[in-house]
Amino acid sequence: MDIISLDKQFVANTYARFPVELVKGKGSLVYDAVGNEYIDLGTGIAVNGLGIADDGWKQAVVAQLDQIQHTSNLYYNAPCALLAETLCKRTGMQKVFFSNSGAEANECAIKAGRKYGELQKGKDYSTIITLKNSFHGRTITTLSATGQDVFHEHFTPMTDGFVYAKPNDFAQMQTLVKTQKCCAIMLELVQGEGGVVALEKEYVQAVAKLAEKENLLLIVDEVQTGNGRTGTLYAFEQFGIQPDVLTTAKGLGGGLPIGATLLGEKSAGLFTAGLNGSTFGGNPVCAAAAGYVLSRIDESLLSEVREKSAYIFRELTGANGVKSVTGMGLMIGVECERDVSEVIAECMEKGVLVIKAKNKMRLLPALNIPKELLEKAIKIIKEVCAK
Ligand SMILES: *Cc1c(COP(=O)(O)O)cnc(C)c1O
């Protein structure tokens, strides 16, 4: 059966897929339907953080499948409560709302922001400041939060109440806070889809102080940067701030869909029964998977992430045909002199899967990628960039 033609005929045309059908893998190696082997530096867009079919992860998932696969939120389930406890204890947050994706985690954060504004300042204090070049999701409201006009085309009217500030321009942020009736500021600390660019630390700290002073919720979108990706469990730790609301998804479940909105001291009391919900949110199988993923992200794995990151930066910065290397941890953007799509296609031909972010190649290897596979992949990337 020709899966590619079948997909083209029956799956909605929302994706520009690579002409490859992936069938299986182990760790950081993945295989296509005709038997080609690839080193996976994309991990399903920062999702398979422990690689493919990790033994412990599989065990945790299967053990939960043997118990019960779904309960609904009408009842308690242990994996959900235990995961919430772990997330709170490791982040200094107080409560967690579970959903199924990054966009939904952000929807919940936006609801928290609006409710906070209403309680603290009045119903018209509903505006949320986000950054230009950000990405917050694909629902109408998270698209509206996304500070890139191209994403708004065709779908107007967008949800009201978002204004966009230029990244790293603190004076403009101050002006917006003064002139708009705000409830929250929402930041992506490393703009992933926007080209893997980290915000400046001083800016982030100044914005956090401003949010505190003006009694606004500071929402940090760690959907992509979270769960060990940047070399700490969450990226905010490296910026020296404490979010009021923290969202994450992608790598949390290690390959199963789960989103989480973590609420801090200022926001933990905002939700009461009936104010938000999700049929699948906190699903015990996804929660067991996430609990296992977090148990593996310890100081030893995180220091491995930081070492591998330093290695990639050392190898690629200033290499032939490489214009710039940006990002944090194992979330890295590589700007090449050659056309990025050609570079990505050629890497794939040579057995390395990488993805794109704007005009850059984006590297998102598994946190536990073996060093020799990483070295092999980086060697190929360097050859392709230098051509
Ligand atoms: C991927 C992403 C989202 C959206 O997550 P989905 O799971 O696709 O809904 C939101 N914010 C950031 C920063 C992301 O990288």
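Scroll up to find the structure.
Note that the coordinates shown come from a computational prediction; the quantities given were computed from them, not determined experimentally.

S.K.: Got a minute to help me understand the site of the ligand in this structure?
M.R.: Near the ligand, the surroundings consist of Ser101, Gly102, Ala103, Asn106, Phe135, His136, Gly137, Glu188, Asp221, Val223, Gln224 and Lys250. In the environment of the ligand, an oxygen atom lies 2.8 Å from a nitrogen or oxygen atom belonging to the backbone of Ala103. Considering each element in turn, the shell around the ligand owes the most residues, 3 residues, to helix α5 (residues 102-120). Across the shell around the ligand, the residue classes break down as 3 nonpolar, 6 polar and 3 charged.

S.K.: Would you explain the sheet that holds strand β17 (residues 360-363) in this entry?
M.R.: Taken together, the 4 strands give an open sheet; going across it, the order is β13-β14-β17-β16, and neighbouring strands pair in antiparallel fashion. The open sheet has two free edges, formed respectively by β13 (322-328) and β16 (355-357), since each of these has just one partner strand. Averaged over neighbouring strand pairs, the angle between their axes works out to 30 degrees when direction is ignored. As judged from the 6 bridges shared by β13 and strand β14 (residues 331-336), these two strands associate in the antiparallel manner. Paired with Met328 across the two strands is Met331, which belongs to β14. Contacts from helix α11 (residues 299-316) reach β13, β14 and β17 within the one sheet, and its direction differs from that of β13 by about 165 degrees. The strands that helix α13 (residues 371-386) touches are β13, β14 and β17; relative to β17, the one it contacts most, it runs at about 175 degrees.

S.K.: Looking at this structure, how should I read unusual backbone geometry?
M.R.: The bulk of non-glycine residues show a negative phi, and the bulk of peptide bonds are trans. With an omega of 0 degrees, the peptide bond between Thr156 and Pro157 qualifies as cis. With respect to the secondary-structure elements, Pro157 resides in the loop between α6 (140-145) and β6 (162-165). In this structure, His154 is a non-glycine residue whose phi angle is positive, near 75 degrees. The class for His154 is exposed, based on a relative accessible area of 71%.

S.K.: What's the story with the sheet that holds strand β15 (residues 352-353) in this structure? I'm lost.
M.R.: Whenever strands of a sheet pair, they do so through backbone hydrogen bonds, lying parallel or antiparallel. Taking strand neighbours across the sheet as the criterion, the 4 strands line up as β1-β2-β3-β15 in an open arrangement whose pairing is mixed. Taken across any chain shown, the strands that pair with only one partner, and hence form the sheet edges, are β1 (22-26) and β15. Where strand β3 (residues 37-40) meets β15, 2 bridges bridge the pair, whose relative direction is parallel. Residue pairing for β15: Asp40 is matched across the bridge by Leu353.

The rules behind each value
- Residues numbered from 1 in each chain as written.
- Predicted model: local features only at pLDDT ≥ 70, side-chain atom pairs only at ≥ 80, totals over all residues.
- Heavy atoms only, no water.
- Near = heavy atom within 4 Å.
- Polar contact = N/O pair within 3.5 Å; in protein donor to acceptor, adjacent residues only side chain to side chain.
- Helix = DSSP H or I, 4+ residues; strand = E, 2+ residues; numbered from the N terminus.
- Nonpolar A, V, L, I, M, F, W, Y, C, P; charged D, E, K, R; others polar.
- Pairing = 2+ DSSP bridges.
- Axes fitted to C-alpha atoms, helices over the stretch in contact; angles between N-to-C directions.
- Contact = heavy atoms within 4.5 Å.
- Buried < 20%, exposed > 50% of the residue type's maximum accessible area, 1.4 Å probe, protein only.

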